[in-house]
Amino acid sequence: MSARNRSREIYRRASELLIGGVNSPVRAFAAVGGEPLIVQSGSGARLLDADGNEYLDFIGSWGAMILGHAHPAVSAALAEQAARGTSYGVTCELEVLLAEQIRAALPSVERIRFVSSGTEAAMSAIRAARGFTRRDCIVKFEGGYHGHADSFLSQAGSGLATFGIASSAGVPEAFATLTLNAPYNDAGAVERIFAARGKEIAAVIVEPVAANMGVVPPESGFLETLREITSRHGALLIFDEVITGFRIGWGGAQNAFGIQPDLTVLGKIIGGGMPVAAYGGRADVMKMVAPEGPVYQAGTLSGNPLAMRAGLATLAELHRPGLYEGLAARTAHLANGLREAAKSARVPVQINVAGSLLTLFFAQDPVHDYASAKRSDTAKFARFFGEMLARGILLPPSQFEALFLSAAHTDADVDRTIAAAGEALASIAAA
Ligand code: KE4
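Because the structure is a prediction, the values reported are computed rather than measured.

When helices and strands are counted, the chain shows 14 helices and 16 strands. Its C-alpha atoms give the chain a radius of gyration of 21 Å, near enough to 22 Å, the size a compact globule of 431 residues would have. Along the first, second and third principal axes, the C-alpha atoms of the chain reach 60 × 55 × 45 Å. For the chain, restricting intrachain contacts to residue pairs at least 6 apart in sequence, the fraction spanning at least 24 positions comes to 70%. Looking at the chain, you have 37 positive and 41 negative side-chain charges, and the mean spots of the two groups are 2 Å apart.

Structure, rendered in structure tokens:
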């Protein structure tokens, strides 16, 4: 990899204006050290930095780029739509077409509202749930991420009902206490929270496959129990499928696991790299949202035609036969190769996989929730990240994120990654 002088200069200028030199904290590479990348372009499974260095990309814009960067069909759709206008501020048929596609894939989404980010979608879903149930509390899971709305920046406090305490400055404690936290995969803890405060709880929001503590799949019965508990207590079950929607299968996690949530949050892939997210679900709940109901929510660029076209073009490509099977097969091949490489290097790792999501934890024991994920050796992960980057492989710059494979990653790309990991792990073991 050649020098990164131009990238360094751009980052210096960025740091004068952008907070941390970035527009989203994880891009600052704080968890892995070193200088953040400055990307100049992307194509397929590859990114090019400002100095012309090429990287095999496993960030994929945090999951949005399931087809790879600059997919011809998506780029053509964007170019064609740009010539017709990018945002009208008035409804257009493209919004209906994408809504129809989503409902066909996820029948639980009887009605839907498009917004511009996963945060906005999750925040609005919670507001709809609170409006529908007339209750104020929500339950989320430690290590679950649903965007940066105040309701979600809360972590478990002490006490039976695990009172929420703010996990960010600027979130009023009074607000944070309305969010109750439970360990992921611990249905018993959710049962106890509902036993103590069930009448106050509007909804449980869960990533049906956790991917923001690293990848942690649901243990058998976990999602089913959440469905049963929420129904029994008159609370809503919200699946945050911003990552899993159209990622682990055409119908997302809800169809993979056969669980029907009351509301679903979507994002990333449905925009094909453009700012699109959505919340939707039961018609009687969504009817609460303005202008039909008293729950207000609005957005200037919601459903804009340019973003709708990118989403439609992306879903059209995803619907091709064999696409998901190929993604899963290449991800399984990568996981097996990484396990073998770690075994050869005698470096203890745990590798969790769900569809085309994968996390390699530098952990001795299985990772099944946030507490076990946090026992990972993050210093080793940082070393691994740097060793892989030096070999032209760009991993997500945090132990607690997922690798995202795309349809553009080939078997040769996977084999190259396994070989690089073998060298990187051997280097770590020798340190
Ligand atoms: P956005 O507001 O970032 O579009 O979406 C928030 C969100 C909601 N729900 C889930 C399950 C999510 O994973 C996210 C955002 N994901 C992170 C990556 N783990 C975005 C990357 C970033 O923060 O820069």
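Positionally, E200 belongs in the loop between α6 (187–197) and β9 (201–206). Along the chain, E200 and A235 lie 35 residues apart, while their C-alpha atoms are 8.9 Å from each other.

In this section: the sheet that holds strand β14 (residues 357–361). One open sheet accounts for three strands, arranged β13-β14-β16; its pairing is antiparallel. Across the chains shown, the open sheet's two edge strands, defined by having one partner strand only, are β13 (350–354) and β16 (403–404). Where β14 lies against β16, two bridges are found, and the strand directions are antiparallel. Looking at the pairing, L358 lines up with L403 of β16.

As a further point, take the site of the ligand. Residues in close proximity to the ligand total 16 residues, the closest being S24, T119, N212, D240 and E401. Within the contact set of the ligand, a nitrogen atom lies 2.7 Å away from a side-chain nitrogen or oxygen of D240. Protein chains bury 84% of the 540 Å² of accessible surface belonging to the ligand in isolation. Tallied by class, residues from the shell around the ligand come to five nonpolar, seven polar and four charged. Each of domain 1 (5–60 + 321–430) and domain 2 (72–318) gives at least three residues to the shell around the ligand.

Domain boundaries assigned for the chain yield domain 1 (5–60 + 321–430) and domain 2 (72–318). Each of domain 1 and domain 2 has a C-alpha centre, and these two points are 26 Å apart. On the side of domain 2, 21 residues touch domain 1, which itself brings 21 residues to the contact. Carbon and sulfur atoms make up 63% of the area that domain 1 and domain 2 hide from each other, which totals about 1700 Å². Summed over the three residues of domain 1 that lose the most area to domain 2, namely Y324, L357 and Y370, the buried surface amounts to 35% of that side. In this structure, the connection of domain 1 to domain 2 is made through zero salt bridges. Summed over the shared surface of domain 1 and domain 2, the number is seven residue pairs in polar contact (both at pLDDT 80 or more). Those elements that provide at least two residues to the side of domain 1 that touches domain 2 are α11 (323–345), β13, β14 and α12 (370–373). Looking at the side of domain 1 that touches domain 2 element by element, the count peaks at four residues for β14.

What follows is about the environment of L78. Structurally, the position occupied by L78 is in helix α2 (residues 72–82). Separated by 232 residues in sequence, L78 and A310 have C-alpha atoms that sit 6.2 Å apart. In this structure, L78 is in contact with M274, L306 and A310, ignoring residues within four places of it in sequence.

The next thing to look at is unusual backbone geometry. Look at the link from A290 to P291: it is a cis peptide, with omega at 10°. Its place among the elements puts P291 in the loop between α9 (283–286) and α10 (305–318). Even without a glycine there, the phi angle at R134 is positive, about 60°. By the element assignment, R134 lies in the loop between α4 (118–133) and β5 (137–141). Among the residues examined, R134 registers a relative accessible area of 78% and is labelled exposed. The phi angle at F246 is positive, at roughly 65°, despite the residue not being glycine. Mapped onto the fold, F246 is located in the loop between β10 (236–240) and α8 (252–257). You can call F246 buried: its relative accessible area is 0%.

This part covers the sheet that holds strand β2 (residues 46–49). The mixed open sheet is built from four strands, whose spatial order is β1-β2-β3-β15. With partners counted over all chains shown, the strands left at the sheet margins are β1 (39–43) and β15 (393–394), one partner each. Alignment of β1 against β2, held across four bridges, turns out to be antiparallel. Note on β2: the bridge partner recorded for G42 is L47.

Criteria and thresholds
- Residues numbered from 1 in each chain as written.
- Predicted model: local features only at pLDDT ≥ 70, side-chain atom pairs only at ≥ 80, totals over all residues.
- Heavy atoms only, no water.
- Helix = DSSP H or I, 4+ residues; strand = E, 2+ residues; numbered from the N terminus.
- Rg over C-alpha atoms; globule rule 2.2 N^0.38 Å.
- Contact = heavy atoms within 4.5 Å.
- Lys, Arg positive; Asp, Glu negative; His and termini not counted.
- Charge placed at Lys NZ, Arg CZ, Asp CG, Glu CD.
- Pairing = 2+ DSSP bridges.
- Near = heavy atom within 4 Å.
- Polar contact = N/O pair within 3.5 Å; in protein donor to acceptor, adjacent residues only side chain to side chain.
- Areas by Shrake-Rupley, 256 points an atom, 1.4 Å probe, with all protein chains shown as cover.
- Nonpolar A, V, L, I, M, F, W, Y, C, P; charged D, E, K, R; others polar.
- Domains from an automatic or database assignment.
- Buried area = accessible area lost by both parts, 1.4 Å probe.
- Salt bridge = Lys/Arg side-chain N within 4 Å of Asp/Glu carboxyl O.
- Buried < 20%, exposed > 50% of the residue type's maximum accessible area, 1.4 Å probe, protein only.

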